[in-house]
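Chain and residue survey
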Amino acid sequence: MPNKKTTITQQEEPTTIASWAKVVCTAIEAKGVNCNPLLLRSDISSDSLLDPEGRIPVAKMSRLWTLAVEETGDEAFGLSVPSYILPTTFHALGFSLMVSSSLRDAWFRTQRYYQVVSNVLEIQIHQGESESALCYVKIPGNEYAKEAIDAFVATMVKLSSDITGGNAKPTRILLERAKPPQSDQFKTSLSCETYFEAGRNEIYFKNKDLDRILATANRDIALKNDEVVQSYLARLLRRPLSKQVTEQIITLLAMGEPSQQVIANELNISSRQLQRKLKEESSSFRELLEDARKNLAKNYLAKPQQSIIEVAFQLGFQDPSNFTRAFKRWFGLSPSAFRKQQQTNL
């Protein structure tokens, strides 16, 4: 019987933790494909990937997954992603999983805190007499890329193996996706039979493997990391509007200076509501736009391979001279002088 379902609090739109997107980009680069143009075509700022608590809209991640498959020519691209996961990819959740008392305990943590990774779907655990299944359940109205599910499933298989020291392997995997040309690659990568067009996404393990006490179990460390995860989720669910606006500004700047109306549309509120709510936070759209440009300008100018004209366009300035004037107002010197100063200090 399925256990009690975890209720997900919806934000304006489903999102994924930015560090997961960074791992996807690393996997793309490992295939010999430059990820930066794909990020640009997906409306994802490369700078947003550096924020350990940043979030990327799932719709934009789906676009990145599609482009990754197109550019690499690999229908099973999602299976390669887990190889590049770091201990901090899933914030503190990864540490909690590694010191859980058993693999089943790790599953329950995954279910309880999956919003850290993404809120586009939810986790259920179906427990049977001899085996149990970790299920990725679609939330009505939410859409996601099939490659994302491939990567999520492959990641859980890898984590399960890592947590148990290689002593637990799935017995079978069901996927809702169509059978790809590289179907044999799924069996090899996932270490079991994989059944496509199954109408659901489920990973099955033997109960004896799920309930085996782990050598790395440490309840105190697990609970401490749980506290960090809970704190992050609390911040996520009450994220100030100003932070959301800044994230949208950073995402859209490379396509030109975004207007307040455009940002409001992205956040599914009216321009007047946006203005009022920012005022309540002692902020304004113009201030956030100025601050975002100011902070990004320093980061971009630290990269010598980018010309000052390119930096100006990346910051949404149609005329580079306007960027130069703004930069002098911010820092008291020109972009070229600032860059020279930074290089001298190295």
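The structure displayed is predicted, hence computed values, not measured ones.

Overview of the pairing of strand β3 (residues 121-127)
Taking burial as the measure, the seven residues of β3 include five buried ones, the bulk of the element. Connecting the antiparallel pair β3 and strand β4 (residues 131-138) is a turn made up of three residues.

Here's the deal with the pattern of salt bridges
Side-chain pairing between opposite charges can occur once the charged atoms of the two side chains come close. The full count for this structure, using the stated rule, is 21 salt bridges. R177 serves as the salt-bridge partner of E75, at 3.9 Å between the closest nitrogen and oxygen. Of this pair, E75 sits in the loop between α3 (58-72) and α4 (93-98) while R177 is found in the loop between β5 (172-174) and α7 (183-190), placing the two residues 102 residues apart along the sequence. In this structure, the salt-bridge partner of D150 is R177, at a minimum N-O distance of 2.5 Å. Highlighted residues: D150 in helix α6 (residues 146-163) and R177 in the loop between β5 and α7, separated in sequence by 27 residues. With respect to class, D150 is no different from R177; both count as buried. Among the ionic contacts, a cluster of salt bridges with common partners joins D51, K243 and E247.

Details of helix α5 (residues 103-112)
Taking burial as the measure, the 10 residues of α5 include seven buried ones, the bulk of the element. Residues of α5 that are buried include every one of L103, R104, A106, W107, R109, T110 and Q111, and no others.

Things to note about the packing of aromatic side chains
Scanning all chains against the criterion turns up 15 aromatic pairs. Geometrically, the ring pair formed by W107 and F205 is edge-to-face, given 5.7 Å between the ring centres and 80 degrees between the ring planes. A residue pair is termed long-range when its members are at least 10 positions apart, and W107 in helix α5 and F205 in strand β7 (residues 201-206) qualify at 98 residues. Judged by its relative accessible area of 0%, W107 is buried. Judged by its relative accessible area of 0%, F205 falls in the buried class. Between the aromatic rings of F323 and F327, the centroid separation amounts to 5.8 Å while the plane-to-plane angle is 65 degrees, which identifies the pairing as edge-to-face. Of the two residues, F323 and F327 both sit in helix α15 (residues 320-331), four residues apart, roughly one turn of that helix. The two residues F323 and F327 agree in class, both being buried. Linked through ring pairs, F317, F323, F327, W330, F331 and F338 together constitute an aromatic cluster.

Some remarks on the nonpolar core
Counting residues in hydrophobic clusters, the biggest one holds 71 residues, and the most contacted among them are W20, W65 and Y136. Looking at this core element by element, the count peaks at 10 residues for α6. If near-sequence neighbours (up to four positions away) are discounted, W65 is found in contact with W20, V24, F77, G78, V81, A145, E147, A148 and A151. Formed by 29 residues, the second largest nonpolar core is a distinct cluster that contains L252, I263, I269 and L296.

Cut-off values and rules
All chains use their own residue numbering, which begins from 1 and follows the written sequence. Predicted model: local features are reported for residues with pLDDT of at least 70 only, side-chain atom pairs are reported and counted for 80 or more only, and whole-chain, interface and lining totals are derived from all residues. Only hydrogens and water are removed before side-chain values are computed, so all heavy atoms of the structure are retained for them. For the exposure calls, accessible area comes from a 1.4 Å probe over protein chains only, and a residue counts as buried if that area is under 20% of its type's maximum, exposed if over 50%, partly exposed in between. In this description a helix means any DSSP run of H or I spanning at least four residues, a strand means any run of E spanning at least two, and both kinds are numbered starting from the N terminus. When DSSP finds two or more bridges between a pair of strands, those strands are recorded as paired. Should a side-chain nitrogen of Lys or Arg be within 4 Å of a carboxyl oxygen of Asp or Glu, the pair is scored as a salt bridge. Pairing of aromatic rings covers Phe, Tyr and Trp, the last counted by its six-membered ring, and requires centre-to-centre distances within 6.5 Å; plane angles under 30 degrees mean stacked, over 60 mean edge-to-face, and any other angle means tilted. We call a set of buried residues a nonpolar core when its members are Ala, Val, Leu, Ile, Met, Phe, Trp, Tyr or Cys and they connect through side-chain atoms within 4.5 Å of each other. Note on contacts: a residue pair qualifies if any of its non-hydrogen atoms lie within 4.5 Å across the two residues.

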